[in-house]
Amino acid sequence: MMSLRAARRALSPGVRRFSDTSGGEIVEDVSERTGCAQLTTQASLYVHWPYCLRRCSYCNFNKYISRDNNDHMMTECLQKETETLLQLSQVSCVTSVFFGGGTPSLAHPSTVAAVLETVSGQASLSEKAEVTLEVNPTPVGMSKLEDFCRAGVNRFSIGVQSLQDDDLKILGRDHSSRQALQTIEEARRLCPGRVSVDVMFGRPKQSVESWENELSKLLRVCDDHMSLYQLTLERGTQLFKQVQGGEVTVPAEDVTAEMYQCARRTLHQHGFLQYEVSNFAKHQKAVSHHNMSYWKGRQYIGVGPGAHGRFVLPGEGGVAREARTQTLEPDVWMREVQQRGHGTRRRIQLNHLELLEEVLVMGMRMTEGINHKHWELFSPQLSLREVFGRSTDVQELLQSGRLILDDRGLRCSWDGLALLDSMLPALLVELERQISQRLQRDHHTDGQTKKTSNPR
Ligand SMILES: C[S@@+](CC[C@H](N)C(=O)[O-])C[C@H]1O[C@@H](n2cnc3c(N)ncnc32)[C@H](O)[C@@H]1O
Ligand SMILES: C[S@@+](CC[C@H](N)C(=O)[O-])C[C@H]1O[C@@H](n2cnc3c(N)ncnc32)[C@H](O)[C@@H]1O
Ligand code: SF4
């Protein structure tokens, strides 16, 4: 989820400069204080619950409508895979846990407790570590919140999507706006200051004016964190077909861009700091530490069907970071976990350039961007200035004011953040050029050294 696909969701052109005063200072970066050892000894954990009660018309995440109740087996397999991947990664400290989906609020709270117990048995999981659960705001979801808290959850992310009942119907949601408001209230009672809402904009028939009204309604009830996602029309979804067939229309690109601009402005006026393309928080405690670990390029382990992870495997003699994806289909995944302890379908070892590409793409999503120390952790030999300071294309972006490279590091300006997608290609091309030149120089110097140290 968290890569370019997610980046596309909330990017829209043309908004006022804002980034310098927004998210920059609100996130404490522990890795930069404690050095790079923790890049391999710590990780966050993502746990995927793959079941939903029905298919929302816009969604192409990895989810299945479950026919039989196999919660018990699913729980055992999630525990087993957690154990296996923690052993292989030799991670000694899990910094956050995120239960996502699918609809993890359909799982029994004892599943959450069991997975957390497994984590604690394998690695240290601080009592203060952020443990998020995504909640669909149905009456059933709401009735279980207290038990989820008892099981160890201390942050809720509620899938509100819209506060208009007609829109919720078009989106295929199985809750009303009233139920969403009640769920937010209950979640805030249980975890004050640690409740987030997901809302989508650019929805069918939506206007800037109705979006403004919706935002003010939302601001009256929401807690200290909001994620605003631009609706993506995903191929293969019902909504995609409806739009293709002319049955449903979505707002034009410039209208959606204006919605994004309007949301950033409104949230700023209400004391929210934008710390990432789609994410807004009122204070440090409300920032999503789990998602920050993705954007900061830290290690994460993904368990459950279709989950993905990025970590080094010293347990298998590895030194480089791997991108891992677990098998998508739950029944197949469960069989694999039972047979070999994990259901990893794909393993790709990331070379140095690929790792830096990810650090760049993810880091530039944050309003604070990539500071020099952060970059140096991953690229000790080529500084940000050495990589990006010489290119004429990058110079143009700097001169246009959309990109900033200064003593703090590299980041987007307020305007630039909305145009990040269009700037990334120039940055990636330059990164590739500089890394390959560096490799050629090293190769050449190696050759020279061998020649002089081995004269014939
Ligand atoms: C994969 S869902 C899982 C959470 C939960 N099942 C729910 O629906 O609330 C996580 C979030 O992704 C966002 N999302 C899903 N499909 C999207 C799409 N096509 N475009 C933009 N955002 C989307 C929604 O805001 C949703 O809350
Ligand atoms: C769209 S984000 C919403 C986060 C939310 N706004 C918050 O502040 O906590 C969450 C979704 O991304 C997907 N996701 C996140 N991390 C993942 C991972 N490591 N592997 C697979 N999917 C992941 C899941 O579908 C999850 O439901
Ligand atoms: S948006 Fe959430 S509830 Fe709807 S189908 Fe996707 S994962 Fe399931």
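Note that the structure is predicted; figures quoted are calculated from it, not measured.

Undergrad: What is the right way to read the overall build of the protein from this model?
TA: Within the protein, the regular secondary structure consists of 20 helices and 17 strands. Out of the 456 residues in the protein, the part that is buried amounts to 46%. Residue pairs in contact within the protein that sit at least 24 positions apart in sequence constitute 74% of those at least 6 positions apart.

Undergrad: Whenever I open this one, the sheet that holds strand E17 (residues 409–412) confuses me. Can you help?
TA: Within a beta sheet, neighbouring strands are joined by backbone hydrogen bonds and run either parallel or antiparallel to one another. Pairing is antiparallel in the open sheet, where three strands are placed in the order E15-E17-E16. The sheet is open, and its two borders are formed by strand E15 (370–371) and strand E16 (403–405), each paired with just one other strand. In terms of strand pairing, E15 meets E17 through two bridges, oriented antiparallel. Along E17, the bridge assignment pairs Asn371 with Gly409.

Undergrad: Just to check I follow, could you spell out the nonpolar core for this structure?
TA: Soluble globular proteins tend to bury their nonpolar side chains together. The biggest cluster of nonpolar side chains holds 107 residues, and the ones touching the most others in it are Leu45, Val47, Val94, Val97, Val112 and Ile301. Looking at this core, the element that brings in the most residues is helix H4 (residues 71–89), giving six residues. Not counting the four nearest positions on each side in its chain, Val97 is found in contact with Leu45, Val47, Leu116, Val119, Ala129 and Val131.

Undergrad: When you look at the domain arrangement of the protein in this model, what are you seeing that I'm missing?
TA: One frequently used descriptor of interface size is the decrease in accessible area upon assembly of the parts. Assigned domains of the protein: these are domain 1 (37–294) and domain 2 (353–446). Of the residues lining the interface, seven residues belong to domain 1; the matching set on domain 2 comes to eight residues. In terms of residue count, strand E9 (residues 273–276) provides more of the side of domain 1 that touches domain 2 than any other element does, three residues in total. Classifying every residue of the side of domain 1 that touches domain 2 by side-chain character gives five nonpolar, one polar and one charged.

Undergrad: Would you mind showing me how to read helix H10 (residues 208–221) here?
TA: Helical geometry: 3.6 residues make up each α-helical turn, so side chains three or four residues apart lie on a common side. With 14 residues, H10 ought to run about 20 Å at 1.5 Å a step, and its terminal C-alpha atoms sit 20 Å apart, in line with that. Along H10, the positions that sit buried rather than exposed are Trp211, Glu214, Leu215 and Leu218. Viewed end-on, H10 has its buried residues packed into an arc of 105°, placing them on one side of the element. Projecting away from the buried face of H10 at angles above 90 degrees are the exposed residues Glu209, Asn213, Ser216 and Arg220. Where H10 is buried, its residues meet strand E7 (195–201) and helix H12 (253–269).

Undergrad: What's the story with the site of ligand 3 in this structure? I'm lost.
TA: As a matter of local geometry, ligand 3 sits amid Cys52, Arg55, Cys56, Cys59, Phe61, Lys63, Gly101, Gly102, Thr103, Asn136 and Gly159. Residues that form the shell around ligand 3 fall into these classes: four nonpolar, five polar and two charged.

Undergrad: Hey, could you run me through the packing of H10 against H12 in this one?
TA: Helix-helix packing: each pair is described by the crossing angle between the helix axes and the interaxial distance. At their nearest, the axes of H10 and H12 sit 10 Å apart, and the two run at 25° to each other. With respect to H12, the axis of H10 lies roughly parallel. Two packed elements cross with a definite hand, and for H10 against H12 that hand is right-handed. Taking contact as the criterion, the partners of Val208, Trp211, Glu212 and Leu215 in H10 are, on H12, Val255, Glu258, Met259, Cys262, Ala263 and Thr266.

Undergrad: Would you mind showing me how to read the packing of H4 against helix H14 (residues 330–340) here?
TA: Direction vectors running N to C along H4 and H14 enclose 50°, while the axes themselves pass 10 Å from each other. By the angle between their directions, the pair H4 and H14 is classed as oblique. Considering how the two elements wind past one another, H4 and H14 form a crossing that is left-handed. Along its contact with H4, which presents Met73, Met74, Cys77, Lys80 and Glu81, the element H14 presents Met334, Val337 and Gln338. Residue classes in the contact of H4 with H14 are distributed as five nonpolar, one polar and two charged.

Undergrad: Help me understand unusual backbone geometry, please; the structure alone is not making it clear to me.
TA: What you tend to see is this: most non-glycine residues have negative phi, and most peptide bonds are trans. Residue Gly102 follows Gly101 across a cis peptide bond; omega there is 20°. Among the structural elements, Gly102 can be located in the loop between strand E4 (93–101) and helix H5 (109–122). Even without a glycine there, the phi angle at Gln90 is positive, about 55°. Tracing the sequence through the fold places Gln90 in the loop between H4 and E4.

Undergrad: What should I look at first to understand the confidence of the model for the protein in this one?
TA: Low pLDDT marks regions whose predicted coordinates should not be analysed in detail. Overall, the predicted model of the protein reaches an average pLDDT of 90, with 89% of residues at or above 70. Low confidence marks residues 452–456, where pLDDT is under 50. Its contacts with residues over four positions away, or in another chain, come to zero contacts. Reported confidences for the modelled complex are a pTM of 0.91 and an ipTM of 0.99.

Undergrad: Please explain the environment of Leu424 as it appears in this structure.
TA: Locating Leu424 in the fold gives a position in helix H20 (residues 420–453). A count of 18 C-beta atoms within 10 Å places Leu424 in the partly exposed class. A sequence separation of 344 residues divides Leu424 from Lys80, and the C-alpha atoms of the two residues are 39 Å apart.

Undergrad: How should I be thinking about the environment of Ser278 in this particular structure?
TA: Mapped onto the secondary structure, Ser278 falls in the loop between E9 and strand E10 (279–281). Ser278 gets classed as buried once you count the C-beta atoms within 10 Å, which come to 22. Along the primary structure Ser278 and Leu228 are separated by 50 residues, whereas in three dimensions their C-alpha atoms are 5.2 Å apart.

Undergrad: Is there a simple way to explain the pairing of strand E8 (residues 225–230) in this structure?
TA: Strand residues, when the strand is regular, have side chains that alternate between the two faces of the sheet. Summarising burial for E8: five of the six residues are buried, a large majority. Regarding the hand of the β-α-β motif, the stretch spanning E7, H10 and E8 is right-handed. Summarising the sheet, E8 and E10 pair through three bridges and their orientation is antiparallel. Counterpart to Ser227 in the pairing with E10 is Asn279.

Undergrad: Honestly, the pairing of strand E13 (residues 321–326) in this entry has me stumped. Any pointers?
TA: In this structure, strand E12 (residues 308–312) lies alongside E13, joined through five bridges in antiparallel fashion. Across the sheet, Phe311 pairs through a bridge with Glu322, a residue of E13. With five bridges joining them, E13 and strand E14 (residues 344–349) adopt antiparallel strand pairing. When the bridges of E14 are listed, Gln326 appears paired with Thr344.

Conventions we followed
Residues numbered from 1 in each chain as written. Chains lettered and ligands numbered in written order. Predicted model: local features only at pLDDT ≥ 70, side-chain atom pairs only at ≥ 80, totals over all residues. Helix = DSSP H or I, 4+ residues; strand = E, 2+ residues; numbered from the N terminus. Buried ≥ 20, exposed ≤ 12 C-beta atoms within 10 Å, placed from the backbone. Contact = placed C-beta atoms within 7 Å. Pairing = 2+ DSSP bridges. Core = buried A, V, L, I, M, F, W, Y, C linked by C-beta atoms within 7 Å. Domains from an automatic or database assignment. Nonpolar A, V, L, I, M, F, W, Y, C, P; charged D, E, K, R; others polar. Expected span 1.5 Å × (residues − 1). Arc of directions from axis to C-beta. Near = placed C-beta within 6 Å. Axes fitted to C-alpha atoms, helices over the stretch in contact; angles between N-to-C directions. Parallel < 35°, antiparallel > 145°, perpendicular 65-115°, else oblique. Left-handed = near helix turned anticlockwise from the far one by under 90°. pLDDT = per-residue confidence, 0-100. Right-handed = clockwise from strand over helix to strand, strands pointing away.

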